[in-house]
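# Structural overview for review
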Amino acid sequence: MIITVASGKGGTGKTTIATSLAHSLAVEQPTPPLFLDCDVEAPNAHLFLHPRLDEQQDVALLIPSVNESKCTHCGKCAEVCQYHAIAVLGQKTLVFPQLCHGCGSCTALCPEKAITEIPDRMGVIERGLATGGISFARGVLDVGEPMAVPIIRQLKKWVPAKPGQVVIRDAPPGTSCPVVESMRGSDFLLLVTEPTPFGLHDLRLAIQVGREMGIPCGVIINRENGSYPALDEFCFDNHLPVLLRIPFERVIAEGVAQGKTLVEIHPEYADRFLRMFTQIASLL
Amino acid sequence: MKIVLTTVSTNLDSEVDPLFGRAANLLVVDTDTLEWKAESNPGAGASGGAGIRAAQFVADQNAQAAISGDFGPHAFEALQAAGIAMYLYGDCKNAHQAIERFIAGQLQRVGGPTRGECDSSHHGQSA
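I will try to describe carefully the structure that is included in this document. For clarity, every value in this text was computed on a predicted model and none was experimentally measured. (Residues numbered from 1 in each chain as written. Chains lettered and ligands numbered in written order. Predicted model: local features only at pLDDT ≥ 70, side-chain atom pairs only at ≥ 80, totals over all residues. Heavy atoms only, no water.)

### What to know about the overall build of chain B
Scanning chain B from N- to C-terminus turns up three helices and six strands. Rg of the C-alpha trace for chain B: 14 Å, near the compact-globule value of 14 Å for 127 residues, within the 12% margin. Seen through its C-alpha atoms, chain B measures out along the principal axes to roughly 50 × 25 × 25 Å. Sorting the 127 residues of chain B into buried and exposed places 50% on the buried side. A separation of at least 24 residues holds for 51% of the contacts in chain B among residues at least 6 apart in sequence. For chain B, the computed accessible surface area is about 5600 Å², with 47% contributed by carbon and sulfur atoms. Mean positive and mean negative side-chain charge positions of chain B (8 and 14 charges, respectively) differ by 2 Å. (Helix = DSSP H or I, 4+ residues; strand = E, 2+ residues; numbered from the N terminus. Rg over C-alpha atoms; globule rule 2.2 N^0.38 Å. Buried < 20%, exposed > 50% of the residue type's maximum accessible area, 1.4 Å probe, protein only. Contact = heavy atoms within 4.5 Å. Areas by Shrake-Rupley, 256 points an atom, 1.4 Å probe, with all protein chains shown as cover. Lys, Arg positive; Asp, Glu negative; His and termini not counted. Charge placed at Lys NZ, Arg CZ, Asp CG, Glu CD.)

### Considerations on the interface of chain B and chain A
Contacts between the two partners involve 22 residues from chain B and, on the opposite side, 24 residues from chain A. Of the roughly 1800 Å² buried between chain B and chain A on both sides combined, carbon and sulfur atoms contribute 60%. Inspection of the region where chain B meets chain A yields zero salt bridges. Applying the counting criterion to the chain B and chain A interface returns one residue pair in polar contact (both at pLDDT 80 or more). Secondary-structure elements contributing two or more residues to the side of chain B that touches chain A are helix 1 (50-60) and helix 2 (73-81) of chain B. (Buried area = accessible area lost by both parts, 1.4 Å probe. Salt bridge = Lys/Arg side-chain N within 4 Å of Asp/Glu carboxyl O. Polar contact = N/O pair within 3.5 Å; in protein donor to acceptor, adjacent residues only side chain to side chain.)

### Some words on unusual backbone geometry
At Arg223 of chain A, a residue that is not glycine, the phi angle is positive and equals roughly 55°. Structurally, the position occupied by Arg223 of chain A is in strand 10 (residues 217-224). Residue class for Arg223 of chain A comes out partly exposed when judged on its relative accessible area of 30%. Within the chain, Asn62 of chain B stands out as a residue other than glycine whose phi angle is a positive 60°. Secondary-structure assignment places Asn62 of chain B in the loop between helix 1 and strand 4 (65-68).

### Focus on the environment of Ile3 of chain A
Residue and element names in this part refer to chain A. Within the secondary structure, Ile3 sits in strand 1 (residues 2-6). Accessibility expressed as a relative area gives 0% for Ile3, which makes it buried. Note: C-alpha distance between Ile3 and Val166 (163 residues apart in sequence) is 7.7 Å. Apart from the residues within four sequence positions on either side, Ile3 is in contact with Leu21, Val167, Ile168, Arg169, Phe188, Leu190, Phe277 and Ile280.

### Remarks on the packing of aromatic side chains
Per the counting criterion, the structure on display carries four aromatic pairs over all chains. Their ring planes at 40° and their centres at 5.2 Å tell us that Phe20 of chain B and Phe71 of chain B sit as a pair that is tilted. Of this pair, Phe20 of chain B sits in the loop between strand 1 (2-7) and strand 2 (25-30) while Phe71 of chain B sits in the loop between strand 4 and helix 2, and the two are 51 residues apart along the sequence. Given a relative accessible area of 2%, Phe20 of chain B falls into the buried group. The exposure class of Phe71 of chain B is buried, given its relative accessible area of 0%. Above the face of the Phe198 of chain A ring, Lys9 of chain A is positioned so that its terminal group lies 5.2 Å from the ring centre. Taking NZ or CZ as reference, Arg127 of chain A lies 4.1 Å from the ring centre of Trp158 of chain A, over its face. (Phe/Tyr/Trp six-rings, centres within 6.5 Å; stacked < 30°, edge-to-face > 60°. Lys NZ or Arg CZ within 6 Å of the ring centre and 35° of its normal.)

See below:
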């Protein structure tokens, strides 16, 4: 089973929830879970799960390189490029690597075979064993690189789950392409929100993405502090199960700031996470 | 000489469009005969690389100059590679006025991009 923890709004507690769930399952499941930190622009799950990242692999995009002596400036490459990453301007063919998605269409369709593909590194994927036997992997996007999706895609491919192994993906915030790529192929979306208008607003967007992708969703309300009826009404009206409520507590904030999961701060949370997991399994 | 202007609508009296890549229309004018045609900008609706797409159009017209209110870094690089001179509207209100001033040599020529790159982080991708 693949569970992706997402939120819409940033800073609601995705990583806290994802790592705490991984911790709880590591103790209880015959095979400890596989944890993928898909927030490749700012991965931070390692701070909670302390993996030994002993394997690495570069992630590169194949960028076209034009041999001007073979190029007849026919314009086929520019015509086929959806991202306008290649342009034929009079007697010059220009490549804009930052816009290239590495699809290879220009290379495949060049009638003169004037294009070769050059790998352009954009980041790295790393893996190793973490606390409690958790299989851990993460992607890290290089500073200044604009595209996170190819790294997430390669990360997912690089570490397949063992039979019976639960996969937990920690998604980036927002609802754009990296989030969609993190969610793609998941069995369940665990959406972490907070009882604020901003939290609700972005939860609404995240739910829309989940529904569009046909993936069942459940909600965790983090930092609950008194009642915020609008959020509960939204979940009720949209048939979204509220799977866990975590109170707004100074002890939790202090523990998280020290790199502790909820389970390490309050051991009784292990049971709550396992019950939630059983509930998710029953919903599928 | 053929020139291309970025315009809001599709005639010589059109208001100028200050954007290059995202301009609504592109007006192609022959400054010798004053013959002209207007086409909708193929870059206007692009999800990314709008400036490059618009520059490609200008190059395909065999134009020698482009006039707009703004040239981003990609558009600048593309137009420069094609040997197309870039000029700014300044306080020109409509295309007619800009053509007259261009012919009179009164428009400011651009030597570098007039702004930084737009936030490309969402181009197919990130948060």
